[in-house]
Amino acid sequence: MEYILQRKPNGCVFCEVAEVGSEHDDKNYVVWRGEHNYVVLNLWPYNNGHVMIVPYRHIVDITEMTDDEALETMKLSQKIVTAYRDGMSAQGVNVGYNLGTASGGSIGHLHLHLVPRWVGDSNFMPVIGQTKVLVEMLDDTLERLREAAKDW
């Protein structure tokens, strides 16, 4: 709810993260920077470890991706899934794009969500307490995933 009610920035938050450079990666929770995309933790995660793969170039649809952008996105997806399984003992992973407003897309800059899942990771808290229980702080998740990404 905090995310929904907060004041939205004027510009594109993903373009801002791309442009400020790696000296701000800790503050922006950037896990890894590639040639065409970067990987960033979701500040409002569905689950611990929820990341997004974001192209540096401001595009809104997968049909606009170059072959190089698309290939790097898929290779990064493979690496992230491996990091989830090896480093977080994930039992499953949700992977997806929200294309267009009707799909739930709230940021007009293409990004691919990856969310690690575990059996029983959903509980009554979101329904009864209007809150999501996360078992790890973003800073700790950032370090865990950066450790996995150092060989990418």
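In what follows, the structure referred to is the one given above.
Residues numbered from 1 in each chain as written. Predicted model: local features only at pLDDT ≥ 70, side-chain atom pairs only at ≥ 80, totals over all residues. Heavy atoms only, no water.

Asks: Would you mind showing me how to read the sheet that holds strand β3 (residues 51-55) here?
Replies: The strands that make up a sheet pair up through hydrogen bonds in the backbone, lying either parallel or antiparallel. Across the sheet, which stays open at both edges, the five strands sit in the order β1-β2-β3-β5-β4 with antiparallel pairing between neighbours. Looking along the sheet, the strands with just one partner apiece sit at the ends: β1 (30-33) and β4 (92-96). The sheet shows a mean angle of 20 degrees between the axes of neighbouring strands, direction not considered. Two elements, β4 and strand β5 (residues 112-117), share five bridges in a ladder whose sense is antiparallel. Residue Val95 lies in a different strand from β5, and its bridge partner there is Leu114. Each of β1, β2 (37-41) and β3 touches helix α2 (residues 13-20); the most contacted strand, β2, lies at about 110 degrees to it. (Pairing = 2+ DSSP bridges. Helix = DSSP H or I, 4+ residues; strand = E, 2+ residues; numbered from the N terminus. Axes fitted to C-alpha atoms, helices over the stretch in contact; angles between N-to-C directions. Contact = heavy atoms within 4.5 Å.)

Asks: Before we go on, may I ask you to explain the packing of aromatic side chains in this structure?
Replies: The description of two aromatic rings rests on the distance between their centres and on the angle between their planes. One pass over the structure, following the stated rule, counts two aromatic pairs. Cation over ring: Arg33 sits above Tyr38, and NZ or CZ is 5.6 Å from the ring centre. (Phe/Tyr/Trp six-rings, centres within 6.5 Å; stacked < 30°, edge-to-face > 60°. Lys NZ or Arg CZ within 6 Å of the ring centre and 35° of its normal.)

None of this, on its own, says anything about what the molecule does.
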